[in-house]
Amino acid sequence: MRRAGWYLVTGAVAGFAGVLGFHVGGTAAPAVLGPPTRTPAASAAGSAPAATPSARAGGATGSARTAAGSVVQYGYGQLSVTVTVRGSQIVAVSVPVLHTIDQYSQQLAEQVIPMLRSEVLAAHGAQIHGVSGATYTSEAYARSIQSALDKLHVR
Amino acid sequence: MGYESVVAPRSRQGRKRQQALPEPRRPRPALARAGLVAAGAGLGAVTALAITAETGAEFRAAGGAATFLGSLTGLVGTYLALLMVLLVSRIPAIERVLGQDGLLRWHRRLAPWPISLLLAHALFITVGYAQAARVGLWHQVGVMLSSYPDVLIATVGLGIMAAIGVLSLRAIRRRLRRETWWLIHLYMYLALALSFAHVLALGPSFVGHPLTRIVWSVAWAGTAGLVLCYRFGLPVVRSMRHRLVVAEVRQEGPGVVSVICTGRNLDKLPITGGQFFFWRFLTRSMWWQAHPYTVSALPQPPYLRLTVKAVGDHSAAVARLRPGTRVAVEGPYGAFTKFAQQRPQALLVAAGIGVTALRSLLEDLPRNAAPVVLLRGTRPEDLVLRKEVADLVRYRRGRVHELVGTREQMLLDERSLPRLVPDLHRRDIYVCGPEGFVTSIVDLAARLGVPAEAVHHEAYAL
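Reading the values: rules and limits
Residues numbered from 1 in each chain as written. Chains lettered and ligands numbered in written order. Predicted model: local features only at pLDDT ≥ 70, side-chain atom pairs only at ≥ 80, totals over all residues. Helix = DSSP H or I, 4+ residues; strand = E, 2+ residues; numbered from the N terminus. Buried ≥ 20, exposed ≤ 12 C-beta atoms within 10 Å, placed from the backbone. Contact = placed C-beta atoms within 7 Å. Axes fitted to C-alpha atoms, helices over the stretch in contact; angles between N-to-C directions. Parallel < 35°, antiparallel > 145°, perpendicular 65-115°, else oblique. Left-handed = near helix turned anticlockwise from the far one by under 90°. pLDDT = per-residue confidence, 0-100. Domains from an automatic or database assignment. Nonpolar A, V, L, I, M, F, W, Y, C, P; charged D, E, K, R; others polar. Pairing = 2+ DSSP bridges. Expected span 1.5 Å × (residues − 1). Core = buried A, V, L, I, M, F, W, Y, C linked by C-beta atoms within 7 Å.

A closer look at the overall build of chain A
In terms of helices and strands, chain A carries five helices and four strands. Along chain A, helices (α) and strands (β) appear in the sequence α-α-α-β-β-β-β-α-α when read from the amino end. Burial analysis of chain A (155 residues in total) assigns 36% to the buried set. Partitioning the contacts of chain A with sequence separation of at least 6, the portion at a separation of at least 24 is 60%.

Printed below as a string of structure tokens:
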């Protein structure tokens with residue numbers, strides 16, 4: 001057939017541009033990670049241990065309270081983050097649950113989780129930028145933290 | 001037998017296509033073009049998928065570049081493998097334009113790419129992961145095979161693929177029997193099936209992306225469906241419908257026989273002159289292999305004829321077929337038909353047994369076509385079907401040149417061909433015969449300035 005290459009290249013350019021356009025359109029949403037909406041229902045449903053409204057207003061004072069975030073599934077595994085706050089200040093973050101589907105994902109997660117931890121401690125919340133190259137892990141981490149903070153009624 | 005009495009008067013009068021035969025489906029190049037654009041779009045899409053799955057930071061991290069190249073080669077390689085399967089699924093709309101010949105040529109041309117890209121994929125991914133985890137390459141290989149989901153089985157698939165790739169290298173393939181090679185080659189389907197799962201389980205463009213997962217799965221399921229439908233379902237349905245049975249085997253020349261089959265509903269067989277079937281003769285020793293042989297005359301219900309020259313085991317066995325043998329067919333295939341014609345008239349060139357395709361193609365030419373036919377043969381008895389051809393050509397007010405002698409005596413070159421065919425510039429060239437002969441004529445046509453799209457050829461590769 002004549003000009004076969006021409007048709008092939010036209011198609012290739014169209015397909016390439018199409019997927020790229022779709023991708024850009026689909027991820028143009030928030031650059032900052034974290035759940036898009038925090039529903040009051042989520043905090044009400046939480047079984048937060050002794051979360052007092054007054055403690056929220058305080059600074060780094062008062063007793064430390066701990067809550068486990070929900071277990072979040074992400075593409076390469078699942079994780080859950082446990083948060084400890086004093087007043088409304090996040091003082092400790094740990095990841096007691098981490099299961100990945102393969103060893104590479106495990107290694108990646110283990111590299112990334114300390115970085116995410118420092119981001120959370122610096123940002124005092126789930127509004128972190130995440131670690132590029134570990135987008136899914138970062139998203140899951142942020143969502144789990146948010147659910148823990150909701151349980152603790154910390155905004 | 002019956003065919004003699006049916007064929008002879010017909011070719012003598014050279015009547016045009018019988019009223020009872022259906023007008024065959026015309027090839028639509030636009031469909032093939034659309035297919036090309038779609039194939040290109042897929043290629044662009046998978047490339048974009050590989051690129052968008054990787055962020056800049058990921059790329060710069062340890063092992064990032066190798067991992068990126070790994071997923072790019074993996075995606076593109078697998079996609080090309082999908083195209084390879086599509087090319088041999090014989091989608092009729094595409095086959096009618098490119099012909100079996102063309103499809104296989106593309107298939108063969110494309111073949112080295114998916115295999116080498118997928119081997120590169122395995123290598124790059126292993127290197128990339130090893131760099132990221134800061135472990136040795138062999139350690140990483142062990143880790144991937146033992147703990148990554150579906151990777152072990154995909155590696156087995158890749159091994160099969162690579163083995164078939166090596167066997168397909170020209171030097172090795174030549175030493176294998178055609179049937180042996182073909183059977184081994186079928187394991188490619190197994191190899192592809194084995195590697196399917198790890199793509200969805202691990203591919204960064206698929207994990208957590210239900211849309212790409214669905215599109216990818218549908219594309220592969222659809223392709224498998226097309227193969228089943230056109231390579232298996234349609235031939236079975238056609239064979240059941242027409243119930244071909246060998247009626248007679250007749251000697252046509254040295255080592256050349258015609259097999260005349262009877263069948264039902266042959267008036268509904270959508271065949272064009274110049275096309276061929278894959279024939280499967282259902283005897284104890286031959287049922288498992290199907291071979292391409294040209295239909296040497298359009299069907300004259302209830303008869304259908306093929307003419308075969310004994311060049312291999314199978315074609316030699318055809319000469320020994322008994323009347324009553326049942327026959328299954330796959331086809332008709334081929335773009336070597338009247339529909340390919342670009343210019344007002346035609347020059348038909350045949351060497352040896354290549355005359356069969358021209359014989360049925362002639363039947364499709366209209367009464368005033370004035371075709372010029374060149375028949376090549378070393379000895380006079382090599383010009384099989386010469387009488388039938390002469391009758392058909394005479395009825396169409398054309399000319400036949402019989403070129404009998406050695407290649408040196410009957411040289412076709414820039415001087416002799418224009419002398420035989422002075423109006424070459426207004427004719428398409430149809431050439432059919434052994435591969436070397438076809439190549440020489442195609443080259444000659446190019447040197448004489450005949451545009452490539454007006455040269456149609458069908459080579460008999462042994």
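A closer look at the overall build of chain B
When its secondary structure is counted, chain B shows 17 helices and eleven strands. Each of the 462 residues in chain B was classed as buried or not, and the buried ones make up 42%. When contacts within chain B are restricted to residue pairs at least 6 apart in sequence, those whose partners lie at least 24 apart make up 76%.

Notes on the environment of Leu 72 of chain B
By secondary structure assignment, the location of Leu 72 of chain B is in helix 4 (residues 64-88). You can call Leu 72 of chain B buried: it has 21 C-beta atoms within 10 Å.

Some points on the interface of chain B and chain A
Opposite the 35 residues of chain B that make contact, chain A presents 28 residues. Looking at which element gives the most residues to the side of chain B that touches chain A, the answer is helix 2 (residues 29-52) of chain B, with 17 residues.

Observations concerning the packing of helix 4 of chain B against helix 12 (residues 210-242) of chain B
Residue and element names in this part refer to chain B. Running from N to C, helix 4 and helix 12 point in directions that differ by 20°, and their axes come no closer than 9 Å. By the angle class used here, helix 4 and helix 12 are roughly parallel. The handedness of the crossing between helix 4 and helix 12 comes out as left-handed. Facing helix 4, whose interface residues are Leu 82, Val 85 and Leu 86, helix 12 presents Ala 219, Trp 220, Thr 223, Leu 226 and Val 227.

A short note on the confidence of the model for chain A
Summing up the model confidence of chain A, the mean pLDDT is 75 and the portion of residues at 70 or higher is 72%. In the model, residues 27-60 of chain A has pLDDT below 50 throughout and makes 46 contacts with residues more than four positions away in sequence or in other chains.

Here we look at the domain arrangement of chain B
Think of interface size as the accessible area that goes away when the parts come together; that is how it is often given. All names here are of chain B. Taken domain by domain, chain B comprises domain 1 (2-22 + 244-333) and domain 2 (341-460). On a C-alpha basis, the centroid separation for the pair domain 1 and domain 2 is 23 Å. In this complex, domain 1 contributes 20 residues to the contact, which on the side of domain 2 involves 22 residues. Only helix 1 (2-13), strand 1 (244-253), strand 4 (291-300) and strand 5 (303-309) provide two or more residues apiece to the side of domain 1 that touches domain 2. Among the elements that take part in the side of domain 1 that touches domain 2, strand 4 stands out by supplying five residues, more than any other. Classifying every residue of the side of domain 1 that touches domain 2 gives five nonpolar, ten polar and five charged.

Description of unusual backbone geometry
All names here are of chain B. A cis geometry characterises the amide bond from Pro 301 onward to Pro 302, with omega recorded as 5°. Of note, Pro 302 is situated in the loop between strand 4 and strand 5. The amide bond that connects Gly 331 to the next residue, Pro 332, takes the cis arrangement and shows omega of 0°. Its location among the elements puts Pro 332 in strand 6 (residues 326-333). Positioned with a positive phi, Arg 243 is a non-glycine residue whose angle comes to about 45°. Along the chain, Arg 243 turns up in the loop between helix 12 and strand 1.

Remarks on the environment of Arg 26 of chain B
Its location among the elements puts Arg 26 of chain B in the loop between helix 1 and helix 2. Considering only alpha carbons, one finds Arg 26 of chain B and Ala 317 of chain B, 291 residues apart in sequence, at a separation of 35 Å.

A look at the sheet that holds strand 6 of chain B
Residue and element names in this part refer to chain B. What the six strands build is a closed barrel, ordered 1-2-5-4-3-6; its pairing is antiparallel. Each strand axis lies, on average, 40° off the axis of its neighbour in the sheet, ignoring direction. Pairing of strand 1 with strand 2 (residues 256-262) involves seven bridges; the strand directions are antiparallel. When the bridges of strand 2 are listed, Arg 250 appears paired with Ser 258. Strands strand 1 and strand 6 of the sheet are contacted by helix 12, whose axis makes an angle of about 125° with strand 6.

Looking at helix 5 (residues 135-151) of chain A
Residue and element names in this part refer to chain A. The first and last C-alpha atoms of helix 5 sit 25 Å apart over 17 residues, in line with the 24 Å expected at 1.5 Å per residue. Among the 17 residues of helix 5, 16 are classified as buried, and the element is accordingly described as predominantly covered. Immediately beyond the C-terminal end of helix 5, within one or two residues, lies His 153, with a positive phi of roughly 55°.

A few points about the confidence of the model for chain B
Residue and element names in this part refer to chain B. Of the residues in chain B, 94% reach a pLDDT of 70 or more, and the chain-wide mean stands at 88. By mean pLDDT, helix 1 is the weakest element of chain B at 40, and helix 8 (residues 151-167) is the strongest at 95. With pLDDT under 50 throughout, residues 1-16 is counted as low confidence; its partners more than four residues away or in other chains account for 26 contacts. Both scores are available for the predicted complex, with the pTM at 0.76 and the ipTM at 0.77.

Regarding the nonpolar core
Buried together is how nonpolar side chains tend to be arranged in soluble globular proteins. Among the nonpolar cores identified, the biggest contains 146 residues, and Val 83 and Ile 145 of chain A together with Leu 348, Val 349, Leu 358 and Tyr 430 of chain B are the most heavily contacted of them. Examining the composition of this core, we find that eleven residues originate from one element, helix 4 of chain B, more than from any other. Residues contacting Leu 348 of chain B, with those up to four places away along its chain left out, are Leu 358, Leu 361, Pro 371, Val 373 and Tyr 430 of chain B.

Quick look at the packing of helix 14 (residues 355-364) of chain B against helix 15 (residues 386-395) of chain B
Residues and elements named next belong to chain B. Running from amino to carboxyl end, helix 14 crosses helix 15 at an angle of 30°, the nearest separation of the two axes being 10 Å. Compared by their axis directions, helix 14 and helix 15 come out roughly parallel. Of the two elements, helix 14 crosses helix 15, and the hand of that crossing is left-handed. Here Val 355, Arg 359, Leu 362 and Glu 363 of helix 14 come into contact with helix 15, specifically with Glu 388, Val 389, Leu 392 and Val 393. Residue composition of the contact of helix 14 with helix 15, grouped by class: five nonpolar, no polar and three charged.

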